[in-house]
Amino acid sequence: MRTAVDVPVIGLWKDGPGPVVITPTSRHARAVAQAGAHLVAIDATDRSRPEPFAAVVAAAHAAGALVLADVSTEAEGKAAADAGADAVATTLSGYTSRTPKTPGPDFGLLERLVTRLSVPVIAEGRYRTADDLRRAYAAGAHAVVVGNAITSPLYLTRELARSVPAHADTNGVHS
Ligand SMILES: CC(=O)N[C@H](C=O)[C@@H](O)[C@H](O)[C@H](O)COP(=O)(O)O
């Protein structure tokens, strides 16, 4: 990937028994950095984890990469920036027991992080439409990460299927 594009590459390694699976240890961070990521995404939620977040950050930095902290709350974002994260992303809002999963992006968290932090804030998590992106940039997002809306055939098929008229049920077009 690093050799194929000239835009910043965010890398991560999902592994382990959880609950923290996004680049959970120094070993994972080093491997992602050595694979060529400019930024290593690391879970920075306050859940139980195999290694302190700051240690994983230090490993990524020592391997020459920047750190993108994936958080679910404003407090986690502040703690991550204080621990040395170079940027913070709203990635994990809706994926922890404390944060309800909204159908769309968590714009409220994005706005609070932008107001509170001096590091760049990246909008991530259920950003799917051009309007979502406009709203994120208007709120002060440094960048927007779009995942499933681009990469998931299942998500894209479901979205298109929502426009199939109800009579299609009778000939099996809807599942
Ligand atoms: C929660 C979690 O593990 N999120 C992951 C983070 O690396 C990815 O699976 C998501 O696709 C990414 O955050 C983008 O989000 P969305 O696919 O909603 O645009």
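Residues numbered from 1 in each chain as written. Predicted model: local features only at pLDDT ≥ 70, side-chain atom pairs only at ≥ 80, totals over all residues. Heavy atoms only, no water.

The protein chain has the name N-acylglucosamine-6-phosphate 2-epimerase in an unreviewed UniProt entry, where Kitasatospora putterlickiae is given as its organism. Recorded under Catalytic activity (unreviewed entry), the UniProt text for the protein chain is reproduced unchanged: "an N-acyl-D-glucosamine 6-phosphate = an N-acyl-D-mannosamine 6-phosphate". Regarding the protein chain, the relevant UniProt record gives this comment under Pathway (unreviewed entry): "Amino-sugar metabolism; N-acetylneuraminate degradation; D-fructose 6-phosphate from N-acetylneuraminate: step 3/5." (UniProt positions renumbered as here; feature names shortened; annotations may be inferred.)

This brings us to the overall build of the protein chain. Secondary structure assignment for the protein chain yields 7 helices and 6 strands. Going residue by residue from the N terminus, the α and β elements of the protein chain occur as β-α-β-α-β-α-β-α-β-α-β-α-α. For the protein chain, the spread of C-alpha atoms along the principal axes amounts to about 60 × 35 × 35 Å. When burial is assessed residue by residue, the protein chain has 40% of its 175 residues classed as buried. For the protein chain, the share of sequence-separated contacts (at least 6 apart) that also reach a separation of at least 24 residues comes to 52%. Accessible surface, the protein chain as shown: approximately 9500 Å² in total, 57% of it carbon and sulfur. Taken as two groups, the 17 positive and 17 negative side-chain charges of the protein chain have centres that lie 2 Å from each other. (Helix = DSSP H or I, 4+ residues; strand = E, 2+ residues; numbered from the N terminus. Buried < 20%, exposed > 50% of the residue type's maximum accessible area, 1.4 Å probe, protein only. Contact = heavy atoms within 4.5 Å. Areas by Shrake-Rupley, 256 points an atom, 1.4 Å probe, with all protein chains shown as cover. Lys, Arg positive; Asp, Glu negative; His and termini not counted. Charge placed at Lys NZ, Arg CZ, Asp CG, Glu CD.)

This part takes up the site of the ligand. The full set of residues close to the ligand is Leu 12, Lys 14, Ile 22, Thr 91, Leu 92, Tyr 95, Glu 124, Gly 125, Arg 126, Val 146, Gly 147 and Asn 148. Between the ligand and Glu 124, the relevant distance is 2.6 Å, taken from an oxygen atom to a side-chain nitrogen or oxygen of the residue. Take Asn 148: an N or O atom from its main chain is 2.8 Å from an oxygen atom of the ligand. Calculation on the ligand without its partners gives an accessible area of 450 Å², and the protein chains cover 80% of this total. (Near = heavy atom within 4 Å. Polar contact = N/O pair within 3.5 Å; in protein donor to acceptor, adjacent residues only side chain to side chain.)

Should the charged atoms of two oppositely charged side chains come close, the side chains can pair. In the structure shown here, the tally under the stated rule is 7 salt bridges. The shortest N-O distance in the salt bridge between Arg 112 and Glu 74 comes to 3.7 Å. Of this pair, Arg 112 sits in helix α4 (residues 107–116) while Glu 74 is found in helix α3 (residues 74–82), placing the two residues 38 residues apart along the sequence. Given a relative accessible area of 40%, Arg 112 falls into the partly exposed group. Overall, the relative accessible area of 22% leaves Glu 74 in the partly exposed class. Note that Asp 131 and Arg 134 form a salt bridge whose closest N and O atoms lie 2.8 Å from each other. Residue Asp 131 and its partner Arg 134 are located together in helix α5 (residues 130–138), separated by 3 residues, close to a single helical turn. (Salt bridge = Lys/Arg side-chain N within 4 Å of Asp/Glu carboxyl O.)

Before going further, it helps to examine the side chain of Thr 90. Within the secondary structure, Thr 90 is located in the loop between β4 (87–89) and α4. Thr 90 sits in the buried class, given a relative accessible area of 2%. Looking at Thr 90, its side chain comes within polar contact range of the main-chain oxygen of Glu 124, at 2.8 Å. Look past the residues within four positions of Thr 90 in its chain and what remains in contact with it is Val 71, Leu 109, Leu 110, Leu 113, Ile 122, Ala 123, Glu 124 and Tyr 127.

Now for the pairing of strand β3 (residues 66–70). Within β3, 4 of the 5 residues are buried, leaving the element largely enclosed by the surrounding structure. Considered for its hand, the β-α-β crossover made up of strand β2 (residues 39–43), helix α2 (residues 53–62) and β3 is right-handed. Bridge count between β3 and β4: 3 bridges; the pairing is parallel. Bridging from a neighbouring strand, Asp 70 pairs with Ala 89 of β4. Chirality of the crossover, the property in question, places the unit of β3, α3 and β4 among those that are right-handed. (Right-handed = clockwise from strand over helix to strand, strands pointing away. Pairing = 2+ DSSP bridges.)

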